[in-house]
Amino acid sequence: MTTTARPRKVTLRDVAALAGVSVATASKALNGKDQVNEETRRRVVDVAERLGFTPNTLAQSILAGTSGTVGLLTNDLDGRFSLPILMGAEDAFGAGQTSVLLCDARDDAIREQYHLRVLLGRRIDGLIVVGSKTDPRPSLGQKVPVPVVYTYAPSDHDADASVVADNVRAGSIAVEHLLATGRRRIAHISGDVTYAAARDRAAGAAAALAAAGLEPVGRVRYGSWSEAWGRAAAGVLLDEGAPFDAVVCGSDQVARGVLDLLRDRGIRVPDDVAVIGFDNWEPMTSGARPTLTSIDMQFETMGRRSAERLFAALDGTDAPGVESVEPRLVVRGSTVASA
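Here is a short report on the structure shown in this document. Keep in mind it's a predicted model, so treat the numbers as computed, not measured.

**Remarks on the packing of helix α1 (residues 12-19) against helix α2 (residues 23-30)**
And then number 1: Where α1 contacts α2, the two axes come as close as 8 Å, and the packing angle between them is 100°. Taken together, the axes of α1 and α2 lie roughly perpendicular to each other. For the pair α1 and α2, contact is made by Leu12, Arg13 and Ala16 and by Val23, Ala26, Ser27 and Leu30, respectively.
And then number 2: Looking at the contact of α1 with α2 residue by residue, the class counts come to five nonpolar, one polar and one charged.

**Considering the sheet that holds strand β1 (residues 69-74)**
And then number 1: Read from one edge of the open sheet, six strands run β2-β1-β3-β4-β5-β10, paired in parallel fashion. Each edge of the sheet is formed by a strand with only one pairing partner; in this case those strands are β2 (99-104) and β10 (321-325). Mean inter-strand twist for the sheet, computed between neighbouring axes without regard to direction, equals 20°.
And then number 2: Taken strand by strand, helix α6 (residues 109-121) contacts β1, β2 and β3 (127-130), and its axis lies near 155° from that of β2.
And then number 3: Where helix α12 (residues 299-314) meets the sheet, it contacts β1, β3, β4 (148-151), β5 (161-165) and β10, and its direction lies at approximately 170° from that of β5.

**Here's the deal with the environment of Arg263**
And then number 1: Structurally, Arg263 can be placed in helix α10 (residues 252-264).
And then number 2: When its relative accessible area of 32% is taken as the criterion, Arg263 is described as partly exposed.
And then number 3: Distance from Arg263 to Pro290, taken between C-alpha atoms, is 9.9 Å for residues 27 residues apart in sequence.

**A few points about the pairing of strand β7 (residues 246-249)**
And then number 1: Both faces of β7 are covered, namely the face carrying Ala246 and Val248 and the face carrying Val247 and Cys249.
And then number 2: Bridge count between strand β6 (residues 186-189) and β7: four bridges; the pairing is parallel. The residue of β7 that forms the bridge with His188 is Val248.
And then number 3: Both β7 and strand β8 (residues 274-278) contribute to a ladder of three bridges, which runs parallel. When the sheet's bridge partners are listed, Ala246 is paired in β8 with Ala274.
And then number 4: Crossover connection from β7 via α10 to parallel β8: handedness right-handed.

**A look at helix α7 (residues 167-180)**
And then number 1: Relative to the 20 Å expected for 14 residues at 1.5 Å per residue, α7 spans 20 Å between its end C-alpha atoms, a close match to the ideal helical length.
And then number 2: Burial analysis of α7 places ten of its 14 residues in the buried class, which makes it a mostly covered element.
And then number 3: Listed as buried for α7 are Asn167, Ala170, Gly171, Ser172, Ile173, Ala174, Val175, His177, Leu178 and Leu179.

**Quick look at the environment of Leu120**
And then number 1: Its location among the elements puts Leu120 in helix α6.
And then number 2: Counting along the chain gives 25 residues from Leu120 to Pro145, while the straight-line C-alpha distance between them is 8.2 Å.
And then number 3: Here Leu120 is in contact with Val144, Pro145 and Val146, once residues within four sequence places are set aside.

**Re the side chain of Thr40**
And then number 1: When you line up the elements, Thr40 lands in helix α3 (residues 38-51).
And then number 2: We classify Thr40 as buried; its relative accessible area is 12%.
And then number 3: In this view, Thr40 contacts Val21 and Thr25; residues no more than four positions away in its chain are not counted.

Conventions used here
- Residue positions are given per chain, counting from 1 as you read along its sequence in written order.
- pLDDT decides what is reported in this predicted model: residues at 70 or higher carry local features, side-chain atom pairs at 80 or more are listed and counted, and totals for whole chains, interfaces and linings draw on all residues regardless.
- In computing side-chain properties, one takes all heavy atoms of the structure into account and sets aside hydrogens as well as water.
- Only the stretch in contact is used when fitting a helix axis, every axis being a line fitted to C-alpha atoms; angles between N-to-C directions are given from 0 to 180 degrees.
- The helix count covers DSSP runs of H or I at least four residues long, the strand count covers runs of E at least two residues long, and both are numbered beginning at the N terminus.
- Roughly parallel refers to an angle under 35 degrees, roughly antiparallel to one over 145, roughly perpendicular to one between 65 and 115, and oblique to any angle outside these ranges.
- Contact definition: two residues touch when any of their heavy atoms are within 4.5 Å.
- Gly counts as polar in this scheme, as do all residues outside two lists: the nonpolar Ala, Val, Leu, Ile, Met, Phe, Trp, Tyr, Cys and Pro, and the charged Asp, Glu, Lys and Arg.
- Pairing between two strands requires that DSSP report at least two bridges joining them.
- Residue burial is assigned from relative accessible area. The probe radius is 1.4 Å, only protein chains are included, and a residue is buried under 20% of its type maximum, exposed over 50%, and partly exposed in between.
- Viewed with both strands pointing away, a crossover whose connecting path from the first strand over the helix to the second turns clockwise is right-handed.
- Under the convention used throughout, the expected extent of a helix is 1.5 Å for every residue step, that is, one less than its residue count.

Below, the structure is given as structure tokens:
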């Protein structure tokens with residue numbers, strides 16, 4: 001019986017020998033140290049690439065006192081917020097060749113503490129914590145031995161760093177857009193009133209109406225974050241008889257329900273009534289009839305900024321505090337016919 005010998009892994013000593021330098025010089029050249037001249041560095045790098053040399057990252061991290069990994073602890077892995085936040089963070093981490101260890105606590109405090117211990121046991125360099133809603137969440141405390149950045153849900157401790165969505169500004173942007181399209185009688189159907197996001201968006205919308213000298217059509221109608229609630233609330237709004245020419249919806253899901261009900265009642269969108277949502281969730285916006293104008297909360301930007309602040313904290317240059325990410329308007333056919 002014959003066996004095929006496994007190819008020997010190329011070592012730093014091989015690179016150094018072929019490049020005609022010492023092992024120490026080869027190491028310095030590949031790690032960007034200043035003590036190596038540029039010609040030597042290029043020669044060593046060329047040889048390493050030719051041989052397919054892969055550095056021992058574990059050994060490098062031990063020498064540097066870092067692991068090259070960060071933890072991302074989420075409480076909403078199945079939701080529409082965590083995944084784009086993770087994508088934004090990974091984009092930033094990828095540029096620095098940092099690996100991400102992802103754990104889902106599922107809004108369970110005991111599970112969260114377990115995952116925290118596991119991540120710290122893996123010698124992570126830092127941690128991003130993603131909340132399931134925008135309400136402030138309990139801090140992990142000041143004794144965590146690595147920098148922590150809280151994302152989407154801010155920490156309730158002033159000494160922590162947080163990156164959040166500006167939901168008040170989002171509400172204002174929504175109404176400002178509707179006013180710019182000539183709408184003057186604007187109703188508001190939102191989600192669960194116990195969520196800060198619903199209340200903050202309503203506050204921003206009310207402020208924009210007041211600044212224009214206008215009153216909303218009735219009270220804010222709070223319910224659930226669902227298409228079924230959007231349909232039901234829009235039906236009641238129509239049955240009450242108060243004229244309206246636009247609806248601000250607390251989320252894209254609510255907006256989809258409102259669009260369905262208006263279509264069933266023979267009301268043209270956007271000709272008779274304009275509809276706008278929040279979150280810019282692609283399955284909701286692109287599948288709507290007409291396509292849905294929405295406020296993009298910039299989740300990927302939040303993830304990227306969280307990663308950048310974590311890097312800054314590792315360098316000792318980040319300051320604690322809450323950073324709000326500016327939302328942006330994405331105009332589609334539910335508010336402007338030609339969009």
